[in-house]
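Inside the fold
Take a look at the letters that make up each chain.
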Amino acid sequence: MVDDATVIDAIRPVRDPELDESIVALDFVTSVVVVDDHVTVRLRLPTYFCAPNFSYLMVADVREAVLGLPDVASAEVLLEDHFTSDEINDGVNSERGFEASFPQYADGELDDLRLLFRRKALMSRQYRLTRRLRDTGLTPAEMASLTLRQVPRGDHLDEHLDEYLEARGELHIATDPDAPLLVDGAGRPVAADAAEEHLARARGVAFSAELNAEFCSGVLATRYPDARPSRREETV
Amino acid sequence: MYEKDGEKYYIVDGHVHFWDGSPENQLNKYGKGFINCFYDYHQNLSPEEYVWPREKFEKYSEETMMKDLFEDGYVDKAIFQPTYLTDFYVDGFNTTAKNAALADKHPGKFIANGAFDPRDGDKGLAKLEQDAETYGLKGVKLYTAEWRGDSRGYKLDDPWCMKFLEKCEELGIKNIHIHKGPTIWPLNKDAFNVDDVDHVASDFTGLNFIVEHVGLPRLEDFCWIGTQEPNVYGGLAVAMPFIHSRPRYFAKIVGELCYWLGDDRLTFASDYAIWHPKWLVEKFVDLQMPEDMVSELGEITNDMKRNILGLNAARLYDIEVPEEFRVPAEPEAAMAANA
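Residues numbered from 1 in each chain as written. Chains lettered and ligands numbered in written order. Predicted model: local features only at pLDDT ≥ 70, side-chain atom pairs only at ≥ 80, totals over all residues. Heavy atoms only, no water.

Quick word on empty space enclosed by the protein
Any space left empty among the atoms is revealed by the rolling of a water-sized probe across them. Under the definition given, this model contains 5 cavities of 30 Å³ or more. Looking at the largest cavity, its volume works out to about 860 Å³. Lining the largest cavity are 47 residues; nearest its centre among them are Phe215 of chain A together with Tyr41, Pro182, Phe192 and Pro217 of chain B. For the lining of the largest cavity, the elements supplying multiple residues, two or more each, are α2 (52–67) and α8 (195–223) of chain A together with α1 (29–45) and β6 (139–143) of chain B. Considered as a void within the structure, the second largest cavity measures approximately 100 Å³ in volume. As for the second largest cavity, its lining consists of 15 residues, and the residues nearest its centre are Glu18, Phe117, Lys120, Val205 and Ala209 of chain A. Contributing elements (two or more residues each) for the lining of the second largest cavity: α5 (111–135) and α8 of chain A. Residue classes in the lining of the second largest cavity are distributed as 7 nonpolar, 3 polar and 5 charged. (1 Å grid on protein atoms, 1.4 Å probe; cavity = no way out; pocket = protein on both sides within 12 Å on 5 of 7 lines; lining within 4 Å. Points joined across faces, edges and corners; volume = space filled by probe spheres on them. Helix = DSSP H or I, 4+ residues; strand = E, 2+ residues; numbered from the N terminus. Nonpolar A, V, L, I, M, F, W, Y, C, P; charged D, E, K, R; others polar.)

Quick look at the side chain of His17 of chain B
All names here are of chain B. As for its position among the elements, His17 is in the loop between β3 (12–16) and α1. Overall, His17 belongs to the buried group, its relative accessible area being 3%. At 3.0 Å, the side chain of His17 and the side chain of Asp271 are in polar contact. (Buried < 20%, exposed > 50% of the residue type's maximum accessible area, 1.4 Å probe, protein only. Polar contact = N/O pair within 3.5 Å; in protein donor to acceptor, adjacent residues only side chain to side chain.)

Points about the sheet that holds strand β8 (residues 208–211) of chain B
Residue and element names in this part refer to chain B. Ordered by their spatial adjacency, 5 strands build an open sheet running β6-β7-β8-β9-β10, and the pairing between neighbours is parallel. Each edge of the open sheet is held by one strand with a lone partner, namely β6 and β10 (266–267). Both β8 and strand β9 (residues 232–235) contribute to a ladder of 3 bridges, which runs parallel. Of the residues in β9, the one forming a bridge with Val211 is Gly234. (Pairing = 2+ DSSP bridges.)

As for the nonpolar core
With 113 residues, the main nonpolar core has Met65, Phe110, Phe209, Leu257 and Phe284 of chain B as its most contacted residues. Setting aside residues up to four positions removed in sequence, Phe209 of chain B forms contacts with Leu165, Ile176, Ile178, Val197, Val200, Ala201, Phe204, Asn231, Val232 and Tyr233 of chain B. Counting residues in hydrophobic clusters, the runner-up holds 48 residues, among them Phe28, Ala51, Leu113 and Ala213 of chain A. (Core = buried A, V, L, I, M, F, W, Y, C linked by side-chain atoms within 4.5 Å. Contact = heavy atoms within 4.5 Å.)

Re the pattern of salt bridges
Pairs may arise between side chains of opposite charge once their charged atoms sit close together. All names here are of chain A. Considering all chains together, one arrives at 43 salt bridges over all chains under this definition. Here Asp9 and Arg12 are joined by a salt bridge, their closest N and O atoms 3.0 Å apart. Look at Asp9 and you get partly exposed, because its relative accessible area is 46%. According to the relative accessible area criterion, Arg12 is partly exposed, its value standing at 41%. (Salt bridge = Lys/Arg side-chain N within 4 Å of Asp/Glu carboxyl O.)

Remarks on the environment of Ala112 of chain B
All names here are of chain B. Here Ala112 shows up in strand β5 (residues 110–112). Judged by relative accessible area, Ala112 falls into the buried class, the value being 13%. Sequence-wise, Ala112 and Val51 are 61 residues apart; in three dimensions their C-alpha atoms are separated by 26 Å. Setting aside residues no more than four positions away along its own chain, Ala112 makes contact with Phe80, Asn99, Ala100, Ala103 and Leu137.

Examining a negative patch on the surface
Residues and elements named next belong to chain A. Where like charges cluster on the molecular surface, the negative patch consists of Glu99, Asp107, Glu109, Asp111 and Asp112. With respect to the helices and strands, Glu99 occurs in helix α4 (residues 98–101). With relative accessibility at 34%, the residue Glu99 sits in the partly exposed group. (Patch = residues over 30% accessible without salt bridge, like charges linked within 9 Å, V, L, I, M, F, W, Y side chains within 5 Å. Areas by Shrake-Rupley, 256 points an atom, 1.4 Å probe, with all protein chains shown as cover. Lys, Arg positive; Asp, Glu negative; His and termini not counted. Charge placed at Lys NZ, Arg CZ, Asp CG, Glu CD.)

Concerning the side chain of Thr40 of chain A
Checked against the element boundaries, Thr40 of chain A lands in strand β4 (residues 38–43). Non-local contacts of Thr40 of chain A, meaning those with residues more than four positions away in its chain, are made with Ser31, Val32, Val33, Glu76 and Leu78 of chain A.

Looking at the sheet that holds β5 of chain B
Residue and element names in this part refer to chain B. In spatial order, the strands read β3-β4-β5; together these 3 strands make up an open sheet with parallel pairing. Sheet topology places β3 and β5 at the edges, where each strand pairs with a single neighbour. Across the sheet, the axes of successive neighbouring strands diverge by a mean angle of 20°, strand direction being ignored. Pairing of strand β4 (residues 77–80) with β5, which is carried by 3 bridges, proceeds in the parallel orientation. Looking at the pairing, Ile79 lines up with Ile111 of β5. (Axes fitted to C-alpha atoms, helices over the stretch in contact; angles between N-to-C directions.)

Focus: the interface of chain B and chain A
Each partner contributes to the interface: chain B provides 43 residues, whereas chain A provides 43 residues. Summing both sides of the interface, chain B and chain A together bury roughly 4000 Å²; the carbon and sulfur share of this comes to 59%. Along the contact surface separating chain B from chain A lie 6 salt bridges. A salt bridge links Glu296 of chain B to Arg203 of chain A, with the shortest nitrogen-to-oxygen separation between them at 3.5 Å. Inspection of the chain B/chain A interface yields 17 residue pairs in polar contact (both at pLDDT 80 or more). Counting only elements with at least two residues in the side of chain B that touches chain A, the list comes to α1, α8 (219–228), α10 (247–260) and α12 (291–297) of chain B. (Buried area = accessible area lost by both parts, 1.4 Å probe.)

Describing the layout of surface pockets
By volume, the largest pocket is sized at about 750 Å³. Lining the largest pocket are 30 residues; nearest its centre among them are Leu116, Lys120 and Arg201 of chain A together with Asp195 and Asp221 of chain B. Those elements that provide at least two residues to the lining of the largest pocket are α5 and α8 of chain A together with α7 (195–203) and α8 of chain B. Lining of the second largest pocket is provided by 24 residues; of these, Arg12, Pro13, Val14, Arg15 and Glu170 of chain A occupy positions nearest its centre. Within the residue set of the lining of the second largest pocket, elements represented by two or more residues are β1 (15–16), β2 (21–22), α2, α5 and α7 (155–170) of chain A. If you tally residues by element for the lining of the second largest pocket, the top one is α5 of chain A, at 5 residues. The residue inventory of the lining of the second largest pocket, partitioned by class, reads 8 nonpolar, 1 polar and 15 charged.

Purely geometric numbers; function is a separate question.
Rendered as C-alpha cells:
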C-alpha cells in the first residue's frame, strides 16, 4: 500500500499555475487518506472566490499525479470551501473536462490558459536567473549574446538555471548548450538592443507573481489559522 | 488634509464604500462568501489595532464612517464606488442611491459615482441617462465579474459595453473605474486580463480609465498597457495596505508604477471599510524608497506623494484644491504659461 508521504511527494511538483509555486509548499493540501489502493486528497485555497479555472487545473493536476503512482488504482480529489467546489469536484473526478463542468459558462478547455501562465513562469524564472547574472557584472546586452553553455555557474546560479531550463523544457523551447540564454515567451532569441526592455518586463512579471503569492499566502493563513505556507526565496 | 514636517497634503480617497454585508442582506451563500473574503483581506493586512469585530465589518454606521474618514483619516474628499452585487445581496451591497443619500447629507465631503451594466441593454442606457441627471455623475464604477442571472461577467470591448461608453462620453461622465474579478465569460479565459482596457482606452480617448487595484493580480500587464495609453490611470486600493505588513513590496509596487506610468497617473485609495485611511496616509507620507531599489526604480519625493494622495484625483474630478496644497509648476512650464 502506498503511504501518505509518497502521495505528498507525487503532488509536490503540482504548481499553482498563476503563482508558479508548489501547492504543497503553499499549504493548499489539507489531508491525504489512503485506503488500500484508493487515495483521497483534500485541497483548500486562499479565498472562496479564487478563479475557478486555476482552481480546476490544480485539482485535475493533483488527481493525475496521484493516479500516476504504481500502487494507486483510484483517486478522489476534493476542493473544499470554494464557490464552485461541487462543479470542480464532480467534473475532475468523473473526468468530464472543464467545459462540460461549466456548460453555460465556458467555451473550451484550459490549455490556452495554462500555456499563457507557463510563459509567464518562463519570464519570471528568466528574470530571477538574470538578476543573479547582473550581480556578476553582466549587462542585459551581454546576456543577449550568451548561449546556455556560456552562462556562468555557481551556488545560486545553478538553482536558478535549473528552474529556468525546466520552464523552457515544458514549453518545448531549446535547452541545448548552444541555444541562446535570453528568449521571449515563444522561444525567440532576444536582440542585444532589446534586452534591457525585455528584462524590465520580465522583472514586472516576476514581481507580480511574487506579490500575488505573498497576498495569497497571507489570506490563506488568515482564513485557516493552522496554515503554514512557505515560499521560494524572495527577490524583493 | 495631512501635515508632517511642514509639508501639507490634500487627501482624496478615491475608493470608499458604505456597504451592507450583514446576514439580513445576504441573498445566498455567495453573499456570505463575498463579505467573508473582504473580512479576511481586512484582518490579514490591517495593523492589529485597526481590526474590527466581524459584525461591525459586515455593517457599520454612518457615524463610524464619517469619523473614520473625515475626523481621524485626514480625508478631504472621498469618492464612492458603488458595488451592486444584486445577485448576492437583497438590497445590493452598496448602491449609487444609498451612497448619494449620504453624500447629500454631508455636502462637500463625497463624490458619488454611478455604475452601469452593459447586459441591461437599452433599459440600462436610459437608466444611466437618468442617473447622470439625478446625481450629476462624473464617474462610473464597473465590476466586470458581476453575476447577472446566468451570466458570469462581461468584457469592456463587448459591443453593448462600447455603447454604454459612448453614452458616458455624451453625458460628460469622463471617469471610468474598472474593477476586475475572478469570473467572466468565458470562464476558461483569464478573468483578470486587462487587454480590454487597452482596447477601449484607444477607442475612447476622451475618457479616463482608472483601473482599480492597479490591475492586481495582473500588475505587470497593467503597467504595460499604461505605457501605451495616456488615458489609463491606476487606483491604489488593495495595493496600499502592503505598506504596513510588507513595506518593501509596497515600495516596489509604487516604484514599478512610477517607472511605467508616472506619479501623475496614480490615485490613493483606502477601499474603506476594508482598510482605514488614517494609517495608510501616515505610512505613505513616511515612505522612503529602500536604498537598494533606488537605482532601478528611482526615489519617491514629497511632490510625487502629493500627486498620488490627492492632486491627481482632484484633476480627474475637477476638485478645487487650495493653493497651499498644490505642487508648484516646473520653472519652464511656469515660464511657458506666462509667455
